[in-house]
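Descriptive structure summary
Spelled out, the chains give:
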Amino acid sequence: MASVDQILAGKYPGKAHARRVAQMLKEKHGDAGMIYLEAQRTRMIEDSDEAMHFRQRRPFFYLTGCNEPDAAVVYDVKKDQLTLFIAPIDPESVIWSGLPLSPEQAKALYDVDAVQYTNEVNSTLASIASAQEGKTVAFAIDQQVSEGINFAGFAQTNLSVLKDVIGDARVVKDAYEIALLRKANDISTLGHIACMKAAGKASNEREVEAEFIKTCIAHGAREMSYHPIFAAGENGATLHYVKNDDSFFYAATTSDPSLQGQRKGSLLIDAGGEYQTYCADITRVVPLAGRFPEEARQIYEIVLEMQTQCIAMLKEGVLWDDVHALAHRVAIKGLLKLGILQGDEEEIFQKRVSVAFFPHGLGHYLGMDTHDTGGNPNYNDEDKMFRFLRTRGKLPAGSVITVEPGIYFCRFIIDPVLESPEIGKYINTEVLERYWRVGGVRIEDNVHVTKDGPDNLTSAPKAIAEVESLAQ
């Protein structure tokens, strides 16, 4: 079996992706004559002569593997001809930025049939339209076509469906894409290990964030998949906490004098590096004083059991809604055992009491976007247990999905439940009082779904003994 590095030594399979997209267009929307996509344009910061941070358009990358700005690609479906167009040389920019890629260099790098300059796009489009006698459809993406691009000669120009078709195509990954995701996970795992080792000596969230970013950059992941989360103590109850600048020590103004000047219990780290546009999305929790406080350990054990059972359930065709429901059932059992919940287990599930402690979805597709395409969520679902589930339906083989159960103690969410005569009775407030300082515990892995079962791409430590050992 080829290693990750052996697979990635080849070219990104843009041509295969183009064929896949064209076939899906034919199946869903009839004949397709041509596909046109543009790279992200160079954009200047307002009131500045500096360019904005560049992030390649994902549909364009999917058909080319090219991470250059101001480029374009044309796929002549009838001739099975994929042509990349790169920006011509601007002599005035060479002194500042050096020579750009030549067509010959680009042809050697990318899985395309030909490379031309962007000033040749319109003549190429006209040639395709003429050869197809104006009887086929040109597909492009609305608001991603530059002024001056001319689709005259085609029977129709469709700007409404291509983006969604490419999004659906991206759900099932090929071996090269799985290798990219595994590489992103391997690098991000090194980052999480560095954070676990640093957390016990650091005094502020930002210090540990710096360790993660430094490690990822050093190993080839220069970009972050998303703004990372480094949430100490009760900050972990905020799902998308982004401040990352709080102290690891309780302030002198804390309501409990016995905690003043003490280290907080744990640090929730949700962070992933991006490797050649493909994302990792990993969450771990690390004790800030070498060992988890008792309450944090108890919640961690429940969340780890939620994740273990859910991952074991994954294989081709499994209904993701069912996996999400299983996570809630495991959480309910655990919270009942601790005494935080009280009453009949099935009643608690049916009345959705556990949503107060696990308010988000179990996970989402992962690929070039952290919350990747094709999930078909239903944010208008009247069932609050499933309303924020980013992926719905059966999982196909070849998809990659995050499995990220969590239990949180957020007053903003739990207090309204406590005030409800119907469901507040299922929560023991006296026991709950001991757990507010836990904040939140989330454990997240990235799992490749196969025909026979799960292929976990994430190897970052998560067993309590191993995490505590690294933290010490």
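Residues numbered from 1 in each chain as written. Predicted model: local features only at pLDDT ≥ 70, side-chain atom pairs only at ≥ 80, totals over all residues. Heavy atoms only, no water.

**Focus: the domain arrangement of the chain**
By domain assignment, the chain separates into domain 1 (4-170) and domain 2 (175-471). Each of domain 1 and domain 2 has a C-alpha centre, and these two points are 37 Å apart. Each partner contributes residues to the interface: domain 1 has 18 residues there, and domain 2 has 18 residues. For the domain 1 and domain 2 pair, buried surface summed over both sides reaches about 1600 Å², with 58% attributable to carbon and sulfur atoms. Per-residue buried area on domain 1 facing domain 2 is highest for Leu-8, Arg-58 and Arg-170; these three make up 37% of the total on that side. Arg-170 is paired through a salt bridge with Asp-369; the nearest N and O atoms lie 3.0 Å apart. Viewed at the interface, domain 2 and domain 1 are joined by 12 residue pairs in polar contact (both at pLDDT 80 or more). (Domains from an automatic or database assignment. Contact = heavy atoms within 4.5 Å. Buried area = accessible area lost by both parts, 1.4 Å probe. Salt bridge = Lys/Arg side-chain N within 4 Å of Asp/Glu carboxyl O. Polar contact = N/O pair within 3.5 Å; in protein donor to acceptor, adjacent residues only side chain to side chain.)

**Describing unusual backbone geometry**
Phi at Gln-276 takes a positive value of approximately 50°, unusual for a residue other than glycine. Take Gln-276: it is sitting in the loop between strand 10 (273-275) and strand 11 (278-279). At Arg-352, a position not held by glycine, the phi torsion is positive, near 60°. In this fold, Arg-352 is placed in the loop between helix 12 (345-350) and strand 13 (400-403). (Helix = DSSP H or I, 4+ residues; strand = E, 2+ residues; numbered from the N terminus.)

**Some details on the packing of aromatic side chains**
Taken as a whole and assessed by the stated rule, the structure comprises 8 aromatic pairs. Three or more aromatic residues joined by ring pairs form one cluster here, namely Tyr-12, Phe-61, Tyr-176 and Tyr-278. The ring centre of Trp-436 lies 4.2 Å from the NZ or CZ of Arg-411, which sits over that ring. (Phe/Tyr/Trp six-rings, centres within 6.5 Å; stacked < 30°, edge-to-face > 60°. Lys NZ or Arg CZ within 6 Å of the ring centre and 35° of its normal.)

**Description of the UniProt feature "domain: Aminopeptidase P N-terminal" (unreviewed entry) in the chain**
Here, the residues flagged by UniProt with the feature "domain: Aminopeptidase P N-terminal" (unreviewed entry) are residues 12-146. For the annotated span residues 12-146, helix accounts for 36% and strand for 17% of the residues, and the straight-line distance between the end C-alpha atoms is 26 Å. (UniProt positions renumbered as here; feature names shortened; annotations may be inferred.)

**Details of the sheet that holds strand 2 (residues 72-76)**
Two modes of strand pairing occur in sheets, parallel and antiparallel, and in both the strands are linked by backbone hydrogen bonds. Across the sheet, 6 strands lie side by side as 4-3-2-1-5-6; this open sheet has mixed pairing. Edge positions in the sheet fall to strand 4 (114-117) and strand 6 (156-158), since each has one partner strand and no second. The sheet shows a mean angle of 20° between the axes of neighbouring strands, taken without regard to direction. In this structure, strand 3 (residues 81-86) lies alongside strand 4, joined through 4 bridges in parallel fashion. Of the residues in strand 4, the one forming a bridge with Thr-83 is Ala-114. Of the strands in this sheet, strand 1 (34-38), strand 2, strand 3 and strand 5 (137-139) are in contact with helix 2 (residues 14-29), which crosses strand 2 at around 60°. (Pairing = 2+ DSSP bridges. Axes fitted to C-alpha atoms, helices over the stretch in contact; angles between N-to-C directions.)

**What about the pattern of salt bridges?**
Considering all chains together, one arrives at 29 salt bridges under this definition. For Glu-211, the salt bridge goes to Lys-214, with nearest N and O atoms at 3.6 Å. In this pair, Glu-211 and Lys-214 are both assigned in helix 9 (residues 205-218), 3 residues apart and thus about one turn of the helix distant. Exposure remark for Glu-211: the relative accessible area of 25% places this residue in the partly exposed category. The salt bridge involving Arg-437 is made with Asp-256; its shortest N-O contact spans 3.9 Å. One end of the pair, Arg-437, is in the loop between helix 14 (429-432) and strand 15 (440-442); the other, Asp-256, is in the loop between strand 8 (229-232) and strand 9 (266-271), with 181 residues separating them in the sequence. (Buried < 20%, exposed > 50% of the residue type's maximum accessible area, 1.4 Å probe, protein only.)

**Examining the environment of Phe-154**
Here Phe-154 is to be found in the loop between strand 5 and strand 6. According to the relative accessible area criterion, Phe-154 is buried, its value standing at 9%. Considered as a pair, Phe-154 and Lys-135 are 19 residues apart in the sequence and their alpha carbons are 6.4 Å apart. Setting aside anything within four residues of it in sequence, one finds Phe-154 in contact with Met-34, Leu-125, Ile-128, Ala-129, Gln-132, Gly-134, Thr-136, Val-137 and Ala-138.

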